[in-house]
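What follows is the residue order along each chain.
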Amino acid sequence: MKANAARKPEAIFGLVEAELINSMAWLINLRWLAGVSVLGATWFTTTLLRLPLDALWLYGIGVAILAYNAIFRVILTRLLQRDQRDIRHFDFLTKAQIGCDWMAMTALIHFSGGLLSPAILYFFFHVVIAAILLSARVTFLYAAIATILIGTIAVLEYAGALPHYNIYGAAGALLHRQPLFVIGMLFFFASTMFVATYLAVTLNDRLRKRQAQVVELSQSLQRAYYRLQTVYEAAEAVTSTLELEEVLDRLVRRAADALNVRACSIRLLDETGARLNVAASYGLSEAYARKGDLLLDQNPLVRQVLAGNTIITGDVATAEGLQYPQHALAEGIRSMLSAPLIGKQKALGLIRAYSAEVNHFTPEDAEFLTAIAREGSIAIENAMAYRALGKLDEMKSKFVLTVTHELRSPVSVVRSLLRTLLAGYAGSLNEQQREMLNRVQYRADFLQTLIDDLLDLAAGKSELAQREERVVVRLDEAIERVVNRFEIPAQEKQIGLETRLEREVKISATEQGIDRILNNLVSNAIKYTPQGGRVLVALSVERNWAHLRVTDTGIGIPEESLPHLFEEFYRAPNAKAQEKEGTGLGLAITKDLVTRFGGHISVQSQVGQGTTFTVTLPIIVELPI
Ligand code: ADP
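Being a predicted model, the structure only gives us computed values, none of them experimental. (Residues numbered from 1 in each chain as written. Predicted model: local features only at pLDDT ≥ 70, side-chain atom pairs only at ≥ 80, totals over all residues. Heavy atoms only, no water.)

S.K.: Report on the sheet that holds strand S2 (residues 275-282), specifying residues and quantitative values.
M.R.: The antiparallel open sheet is built from six strands, whose spatial order is S3-S2-S1-S6-S5-S4. Each end of this open sheet is capped by a strand with a single partner; those strands are strand S3 (294-295) and strand S4 (311-313). Contacts from helix H8 (residues 244-259) reach strand S1 (263-269), S2, strand S5 (335-342) and strand S6 (347-355), with the element oriented near 140 degrees to S1. Most of the contacts of helix H12 (residues 363-422) go to S5, to which it runs at about 40 degrees, and overall it touches S1, S4, S5 and S6. (Pairing = 2+ DSSP bridges. Helix = DSSP H or I, 4+ residues; strand = E, 2+ residues; numbered from the N terminus. Contact = heavy atoms within 4.5 Å. Axes fitted to C-alpha atoms, helices over the stretch in contact; angles between N-to-C directions.)

Okay, structure coming up:
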């Protein structure tokens with residue numbers, strides 16, 4: 001089993017270095033072929049052609065090539081296995097390989113005929129290989145060494161210090177001793193060597209530059225892609241919530257992350273429009289974030305930003321127009337990038353990224369933060385509008401609460417007086433008077449319902465409701481209680497009222513709230529179901545949710561009314577036609593309560609067929625001790 005598989009060079013190095021290592025692997029593969037070729041050619045020339053060569057030396061050279069190639073292969077694999085990150089190791093390995101090759105090449109040339117060896121031409125392959133793998137300077141150095149080596153062999157063979165192997169019979173027997181031939185060959189060898197080196201180096205240099213360009217391009221493309229993704233994610237993150245604090249918090253985090261800086265903040269203009277308060281910050285000390293407001297009249301930089309410009313402050317220490325340069329330096333901030341947050345109609349504030357390095361931010365960063373700020377401004381404005389709406393809603397609820405509260409006691413008094421009158425305690429009534437008082441009582445009762453509903457609705461939205469104490473409520477028992485309450489009205493309308501309940505379903509809620517939910521749904525089901533119909537209240541548990549279904553065979557709800565059903569005061573036209581009285585508040589209150597208890601409500605209905613309301617609430621799961 002392989003303990004540690006060699007990793008791909010791309011996984012360790014940059015693209016350029018990885019390319020060098022890959023080329024080296026390619027060179028090793030090529031060398032197997034060279035070694036085998038030397039052995040093959042030796043056998044062919046010495047055994048088949050019976051040329052007067054020293055077969056032993058030539059076989060030796062072939063074996064040597066294969067042997068050192070095997071060693072280099074092992075070293076390369078080891079380096080990659082060990083995750084060797086120092087490129088100098090690879091560079092050295094390359095030089096060693098090429099050095100060995102050139103020695104082998106020189107020996108091969110000597111044993112195959114010196115200056116007359118046809119193998120001499122193979123040197124030019126090596127020039128190309130060296131130019132690919134090594135720097136121009138080293139390649140020229142190798143070319144010079146090759147020339148010196150060949151020159152040395154030629155001179156030594158000329159002088160008789162080295163034996164000359166002649167493969168051309170009588171025709172070539174004395175050529176290596178002809179000065180003109182030796183000088184001519186050496187001159188052409190050397191000049192061809194240098195011209196070939198020059199050409200190979202120049203071409204390769206161009207290729208390397210291109211490659212570097214491609215690498216840079218691909219890196220900047222990758223950066224751009226990442227940033228684009230961040231803008232998209234930021235847009236998605238900030239628009240997925242309407243809570244202002246959350247929007248701002250996500251924005252500062254995202255921006256700091258994508259710009260690779262340690263801190264980011266958002267400041268928003270206050271109502272006076274003259275100062276900017278910190279609304280969110282990330283990565284800044286509490287002391288710095290709270291150091292004070294930015295005042296427009298004292299801060300030209302902020303004025304420029306609010307006018308719609310993104311500004312890079314390259315060095316906080318020397319920049320002009322900053323309000324708190326000393327605080328920034330003490331915080332370790334050396335450069336800043338500020339982009340405007342502009343709403344549909346006016347400037348909202350600014351987003352600012354901070355770096356601990358001088359001149360950290362590039363124009364590209366500026367463009368990026370501007371884009372984030374643009375997306376962010378929309379989200380901030382939406383969240384602000386939502387917050388304002390919430391405030392308005394709260395004000396409305398308070399108003400309704402006060403008014404209805406004031407109405408409650410007079411209406412109670414009116415109803416109790418009416419009851420007294422109708423009971424005849426204030427004297428007997430004739431038929432007409434009784435009839436009129438009955439109608440007044442009916443109206444007064446409706447008024448009482450309306451007041452109760454309005455109070456419930458307003459109470460649900462008040463702060464008190466948010467803080468109310470929740471208890472464990474047995475949903476199955478609560479249903480039974482409410483259904484019992486409606487048995488008589490159901491019988492009067494000859495409606496079959498059934499329950500199908502799972503037992504011991506516990507939820508966290510308020511008794512009163514659950515009662516109200518059930519009361520509204522069951523009373524509606526009976527109210528909107530004609531005589532002889534059926535109403536079923538079912539309770540089941542699926543996973544950790546309780547499903548309460550109230551199904552009737554009543555008048556149903558028109559499709560176009562469904563989206564408005566839970567709005568305050570909404571009543572469907574068919575319901576209005578059937579039941580004159582109705583507040584249209586019951587379902588709004590129900591939905592409010594269900595949401596408060598962590599659940600949701602949905603409705604399915606078909607006109608003339610019936611309706612099912614489904615309430616889903618989280619149950620309390622008792623863990624075994
Ligand atoms: P109200 O019953 O006082 O009109 P609600 O808020 O309880 O007010 O209900 C709002 C509207 O929803 C009703 O006016 C009616 O149009 C529709 N609705 C509610 N429950 C049913 C039901 N079981 N069957 C048909 N319509 C219903």
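S.K.: Lay out the sheet that holds strand S11 (residues 545-552) with the relevant residues and their values.
M.R.: The mixed open sheet is built from five strands, whose spatial order is S8-S10-S11-S13-S12. Each edge of the sheet is formed by a strand with only one pairing partner; in this case those strands are strand S8 (496-501) and strand S12 (600-606). This sheet shows a mean twist of 10 degrees between the axes of neighbouring strands, independent of strand direction. Pairing of S11 with strand S13 (residues 610-618) involves eight bridges; the strand directions are antiparallel. Each residue of the ladder has a partner; that of His 547, found in S13, is Thr 616. The sheet strands contacting helix H15 (residues 475-485) are S8, strand S10 (534-542), S11 and S13, and the helix crosses S8 at an angle near 170 degrees.

S.K.: Hey, could you go over the nonpolar core for me, with residue numbers and the actual values?
M.R.: Most often, soluble globular proteins have nonpolar side chains that are buried together. Trp 102, Phe 123, Ile 150 and Met 193 are the most contacted members of the largest nonpolar core, which totals 49 residues. Contributions of two or more residues to this core are made by helix H2 (15-48), helix H3 (55-81), helix H4 (87-111), helix H5 (123-133), helix H6 (136-159) and helix H7 (179-239). No other element matches H4, which puts nine residues into this core. Residues within four places of Met 193 in sequence aside, it is in contact with Trp 102, Phe 123, Phe 124, Val 127, Ala 143, Ala 146 and Thr 147. If you look at the next biggest cluster of nonpolar residues, it comprises 45 residues, including Leu 457, Ile 507, Ala 509 and Val 535. (Core = buried A, V, L, I, M, F, W, Y, C linked by side-chain atoms within 4.5 Å. Buried < 20%, exposed > 50% of the residue type's maximum accessible area, 1.4 Å probe, protein only.)

S.K.: Which residues make up the environment of Val 482, and what values do they have?
M.R.: Following the sequence through the fold, Val 482 ends up in helix H15. Relative accessible area serves as the criterion here: at 1%, Val 482 is assigned to the buried category. As for Val 482 and Lys 580, which are separated by 98 residues in sequence, their C-alpha atoms are 24 Å apart. If sequence neighbours within four positions are ignored, Val 482 has contacts with Asp 515, Leu 518, Asn 519 and Val 522.

S.K.: Can you break down the site of the ligand residue by residue, with the values?
M.R.: The ligand sits among 20 residues. The nearest are Asn 524, Tyr 528, Asp 552, Arg 571 and Leu 587. Contact distances for the ligand include 3.1 Å between an oxygen atom and a backbone N or O atom of Gly 584. About the coverage of the ligand: the protein hides 97% of its 530 Å² of free accessible area. Elements with a contribution of two residues or more to the shell around the ligand: helix H17 (511-527), helix H19 (586-596) and S13. Ranked by the residues each element gives to the shell around the ligand, the list is headed by H17, at three residues. For the shell around the ligand, a count of residues per class yields 10 nonpolar, seven polar and three charged. (Near = heavy atom within 4 Å. Polar contact = N/O pair within 3.5 Å; in protein donor to acceptor, adjacent residues only side chain to side chain. Areas by Shrake-Rupley, 256 points an atom, 1.4 Å probe, with all protein chains shown as cover. Nonpolar A, V, L, I, M, F, W, Y, C, P; charged D, E, K, R; others polar.)

S.K.: Summarise the packing of aromatic side chains; cite the residues concerned and give the values.
M.R.: Scanning all chains against the criterion turns up 12 aromatic pairs. Here the aromatic rings of Trp 102 and Tyr 142 are separated by 5.3 Å at their centres, their planes lie at 75 degrees, and the arrangement is edge-to-face. With Trp 102 in helix H4 and Tyr 142 in helix H6, the pair connects residues that are 40 residues apart, well separated along the chain. Residue Trp 102 is classed as buried on the basis of its relative accessible area, which comes to 3%. Take Tyr 142: its relative accessible area is 11%, and that puts it in the buried class. With 6.4 Å between their ring centres and 85 degrees between their planes, Phe 566 and Phe 613 make a pair best called edge-to-face. One end of the pair, Phe 566, is in the loop between S11 and helix H18 (573-578); the other, Phe 613, is in strand S13, with 47 residues separating them in the sequence. We note that Phe 566, like Phe 613, is buried. Among the aromatic side chains, those forming a connected cluster through ring pairs are Trp 102, Phe 123, Phe 124, Tyr 142 and Phe 189. Positioned above the aromatic ring of Tyr 288, the side-chain terminus of Lys 291 is 3.9 Å from the ring centre. (Phe/Tyr/Trp six-rings, centres within 6.5 Å; stacked < 30°, edge-to-face > 60°. Lys NZ or Arg CZ within 6 Å of the ring centre and 35° of its normal.)

S.K.: Please provide a residue-by-residue account of the pattern of salt bridges, values included.
M.R.: Side chains that carry opposite charge are capable of pairing whenever their charged atoms lie near each other. Counted by the stated rule, this structure contains 24 salt bridges. With its nearest N and O atoms 3.2 Å apart, the salt bridge here joins Arg 253 to Asp 249. In this pair, Arg 253 and Asp 249 are both assigned in helix H8, four residues apart and thus about one turn of the helix distant. Among the residues examined, Arg 253 registers a relative accessible area of 42% and is labelled partly exposed. Residue class for Asp 249 comes out partly exposed when judged on its relative accessible area of 30%. The salt bridge involving Arg 485 is made with Asp 515; its shortest N-O contact spans 2.8 Å. In this pair, Arg 485 is assigned in helix H15 and Asp 515 in helix H17, connecting sequence segments 30 residues apart. Residue Asp 515 is classed as partly exposed on the basis of its relative accessible area of 22%. What you see here is one network of salt bridges that share partners, running through Arg 474, Asp 476, Glu 477, Glu 480 and Arg 503. (Salt bridge = Lys/Arg side-chain N within 4 Å of Asp/Glu carboxyl O.)

S.K.: How would you summarise a nonpolar patch on the surface if you had to cite specific residues and measurements?
M.R.: A contiguous nonpolar surface patch, about 320 Å² in accessible area, is contributed by Trp 26, Leu 30, Val 128 and Ile 132. When residues of the nonpolar patch are traced back to their parent elements, those giving at least two are H2 and H5. (Patch = residues over 30% accessible without salt bridge, like charges linked within 9 Å, V, L, I, M, F, W, Y side chains within 5 Å.)

S.K.: So, H17: which residues are in play, and what are the values?
M.R.: Structurally, the α-helix is built with 3.6 residues per turn, so residues lying three or four positions apart point the same way. A rise of 1.5 Å per residue sets the reference length of H17, with its 17 residues, at 24 Å; its end C-alpha atoms lie 24 Å apart and thus fit the reference within 8%. Of the positions making up H17, those classed as buried are Gly 513, Ile 514, Arg 516, Ile 517, Leu 518, Asn 520, Leu 521, Val 522, Asn 524, Ala 525 and Ile 526. (Expected span 1.5 Å × (residues − 1).)

S.K.: Quick rundown of the packing of H4 against H5? Include the residues and the values.
M.R.: When two helices pack together, their arrangement is given by the angle between the helix axes and by the axis-to-axis distance. It is the contact of H4 with H5, at a shortest axis distance of 11 Å, that shows an interaxial angle of 175 degrees. Taken together, the axes of H4 and H5 lie roughly antiparallel to each other. Contacts between H4 and H5 involve Thr 94, Ile 98, Asp 101, Trp 102, Met 105, Thr 106 and Ile 109 on the former and, on the latter, Phe 123, His 126, Val 127, Ala 130 and Leu 133. For the contact of H4 with H5, the residue count by class is eight nonpolar, three polar and one charged. (Parallel < 35°, antiparallel > 145°, perpendicular 65-115°, else oblique.)

S.K.: Kindly report on the packing of H5 against H6, identifying the contributing residues and their values.
M.R.: It is at 9 Å that the axes of H5 and H6 come closest, and there the two elements cross at 160 degrees. The angle between the axes of H5 and H6 places the two elements in the roughly antiparallel class. Note on packing geometry: the crossing formed by H5 with H6 is right-handed. Where H5 abuts H6, its residues Phe 123, Val 127, Ala 130 and Ala 131 lie against Thr 139, Ala 146 and Ile 150. Of the residues in the contact of H5 with H6, the class split is six nonpolar, one polar and no charged. (Left-handed = near helix turned anticlockwise from the far one by under 90°.)

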